[in-house]
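Observations on chain architecture
Chain by chain, the residues:
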2 protein chains.
Amino acid sequence: MGQAIETVRELKHVVVREHVRSLVQGAAPGTPAPSERELVSQFGVARMTVRQALDALVVEGLLERMPGRGTFVARPRRSRAQVASFTEAVARRGHLAESTTLLARTEQAGPGVARALEIESGDTVVHWKRIRRAGGETVCLQDAYFDAAVLPHLLEGPLPESLYAVLAERGLRPTWSEDSIQADLAKPDERDHLEITDSEPTPVLRVSRRALCGDLVVEVSRAVYRTDRFTLHLQLGTGR
Amino acid sequence: MGQAIETVRELKHVVVREHVRSLVQGAAPGTPAPSERELVSQFGVARMTVRQALDALVVEGLLERMPGRGTFVARPRRSRAQVASFTEAVARRGHLAESTTLLARTEQAGPGVARALEIESGDTVVHWKRIRRAGGETVCLQDAYFDAAVLPHLLEGPLPESLYAVLAERGLRPTWSEDSIQADLAKPDERDHLEITDSEPTPVLRVSRRALCGDLVVEVSRAVYRTDRFTLHLQLGTGR
DNA sequence: TAGTGGTCTAGACCACGAA
DNA sequence: TCGTGGTCTAGACCACTAA
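Residues numbered from 1 in each chain as written. Chains lettered and ligands numbered in written order. Predicted model: local features only at pLDDT ≥ 70, side-chain atom pairs only at ≥ 80, totals over all residues. Heavy atoms only, no water.

With that out of the way, let us pick up the protein's contact with DNA strand D. Within the structure, DNA strand D sits among 25 residues, and A:Arg37, A:Arg65, B:Lys12, B:Ala46 and B:Thr49 are positioned closest to it. The sugar-phosphate share of atoms of DNA strand D within 4 Å of the protein amounts to 60%. Between DNA strand D and B:His13 there is a distance of 2.9 Å, counted from a phosphate oxygen to a side-chain nitrogen or oxygen. Between a phosphate oxygen of DNA strand D and a side-chain N or O atom of B:Gln52, the distance comes to 3.2 Å. Here the surface near DNA strand D is composed, by residue class, of seven nonpolar, nine polar and nine charged. (Near = heavy atom within 4 Å. Polar contact = N/O pair within 3.5 Å; in protein donor to acceptor, adjacent residues only side chain to side chain. Nonpolar A, V, L, I, M, F, W, Y, C, P; charged D, E, K, R; others polar.)

Take the environment of A:Arg92 next. All names here are of chain A. Along the chain, Arg-92 falls in helix α4 (residues 86-92). Given a relative accessible area of 54%, Arg-92 falls into the exposed group. C-alpha of Arg-92 to C-alpha of Gly-136: the two residues are 44 residues apart in sequence and 15 Å apart in space. Ignoring anything within four residues of it in the chain, the contact list for Arg-92 reads Ala-84 and Gln-235. (Helix = DSSP H or I, 4+ residues; strand = E, 2+ residues; numbered from the N terminus. Buried < 20%, exposed > 50% of the residue type's maximum accessible area, 1.4 Å probe, protein only. Contact = heavy atoms within 4.5 Å.)

This brings us to the pattern of salt bridges. Residue and element names in this part refer to chain A. In this structure the tally under the stated criterion is 42 salt bridges over all chains. Measuring nitrogen to oxygen at the nearest pair gives 2.8 Å for the salt bridge that ties Asp-184 to Arg-206. Placement of the pair is Asp-184 in strand β6 (residues 176-185) and Arg-206 in strand β7 (residues 203-213), with a sequence separation of 22 residues. According to the relative accessible area criterion, Arg-206 is buried, its value standing at 18%. Through salt bridges that share partners, Glu-36, Arg-47, Arg-51, Asp-55 and Arg-65 make up one connected network. (Salt bridge = Lys/Arg side-chain N within 4 Å of Asp/Glu carboxyl O.)

Residue and element names in this part refer to chain A. Using the criterion set out here, one finds six aromatic pairs over all chains in the structure. Three or more aromatic residues joined by ring pairs form one cluster here, namely Phe-86, Tyr-225 and Phe-230. In this structure, Arg-93 packs its charged tip against the face of Phe-230, placed 4.3 Å from the ring centre. (Phe/Tyr/Trp six-rings, centres within 6.5 Å; stacked < 30°, edge-to-face > 60°. Lys NZ or Arg CZ within 6 Å of the ring centre and 35° of its normal.)

This part takes up the relation of the copies chain A and chain B. Note on the copies: chain A fits chain B at an RMSD of 2.5 Å, the axial shift is 0.4 Å, and the rotation between them is 177°. Such a combination of turn and shift is consistent with a two-fold rotation axis. No C-alpha of chain A lies nearer the rotation axis than that of A:Pro203, which sits 2.2 Å from it. A high fraction, 100%, of the interface residues of chain A reappear at the interface in chain B, so the copies pair face to face through one surface. (Least-squares fit on C-alpha atoms with pLDDT ≥ 70 in both.)

So, on to the environment of B:Ala149. Examined against the element boundaries, B:Ala149 turns out to sit in the loop between β5 (137-147) and α6 (163-169). The spacing of B:Ala149 and B:Arg17 is 132 residues in sequence and 36 Å in space, taken between C-alpha atoms.

Turning our attention to the sheet that holds strand β4 (residues 124-134) of chain B. Reading across the sheet, the seven strands line up as β9(A)-β6(B)-β7(B)-β8(B)-β5(B)-β4(B)-β3(B) and stay open at both edges, with antiparallel pairing between neighbours. Looking at strand neighbours, the two that pair on one side only are β9 (232-237) of chain A together with β3 (97-108) of chain B, the edges of this open sheet. The average angle at which neighbouring strand axes cross in this sheet is 20°, direction not considered. Relative to β4(B), β3(B) runs antiparallel, the two being bridged by eleven bridges. Bridge pairing in β4(B) places B:Thr106 opposite B:Val126. (Pairing = 2+ DSSP bridges. Axes fitted to C-alpha atoms, helices over the stretch in contact; angles between N-to-C directions.)

Listed below in structure tokens is the structure:
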């Protein structure tokens, strides 16, 4: 699609599309959009051009066609499965996410981390180890790694709470993640960090994540969750 | 989209689309597809019709247009996050999924199941309890519930291995799921069913799922996984 | 220069839904 | 019956790429 040209020459189907979009913004689902033939006479364009404009909005999920009836504002789709960060997952539960950094430094990537990040063994990576809290309670011990070349200077200032927020600012918000999830018993050092005081063996969740933005691996992490304080909620699928 | 008509009258753009799809199936990424004008003369249709056919394949992610160069087989996109059934998850690991039904009957929905299925308490539901195996090994104990009105007659014949396959046949393939995941220790009866012989407390994964097709809840389930034999692999996000 | 996809026209007939 | 979206035609000019 000649997207780059849009800002230079106003293509007709773009003009129609944006006009309809502005009409439809904020309208209640079910509100009828102008009919195709209406737009044809209004803009003096061919019907195929109008259809091209409306097709784009239908694909976007803004409009819905109903053969024989018309075109209408679609009811908002179920949001697509998002890759949520810990901070966001906690916020969704109405709590504040906090963390204590145990370690934040650059390292030479070992073979495992390098393979997961799709970089060369020995390349410089940032290793960030944190205890993470939700609403004041310790729930998670996390080791995160990312390519130092992807997020340079992160370690120079004060560390952020949310890595994903920083990634988002740089246009690298993860759009895809591959998670592996297992149950296990907490190991002694994990019990300490997670403030587990049971005398019994305590089950924990282990979550390995590879987070990608497009084809770029932006983070790999391993996390241990106190399952008594944190249930993993995941949404999968395409919403339709 | 007049999808229902496709099988009745062979729409021209569908004919062209499926012809191109068959040419392109299995071709290496970068392989050129026939040019639009080639298809025009080959099928004796208008170019807009050919474009409609190719547009569909581009949206599907099968083809890629390169202005001035041509249309090519796209490198496979990261598949969108799918709601995978147990059967599919096991198949992806290269194993055969099997199961033993412990219970399969209709019940009156209790308040919890009714709320999860978005039906009335007391409505008839099917309760299906199974031990599930991957490559011959017992990995999961699952209780599934679904609205008897959504899948009538399921209990009348031999039970299928994959519920999702049955749902797919009826156009009810889940497109969305909400999973809650916790770690826990196996309870005595679960140890029996899962053939756990450790003398130690054994961690297991508990997964609750609500699976939807559009806005219809088609299944709710609770499953207990032997985490030593089965790691949950999940893909999240939109792929791009 | 020749071929490609991107855009656009000015019509047409059809099936379907609502009145 | 009339208006809707779905399909389809037979052309056209453009910008871009590659030879």
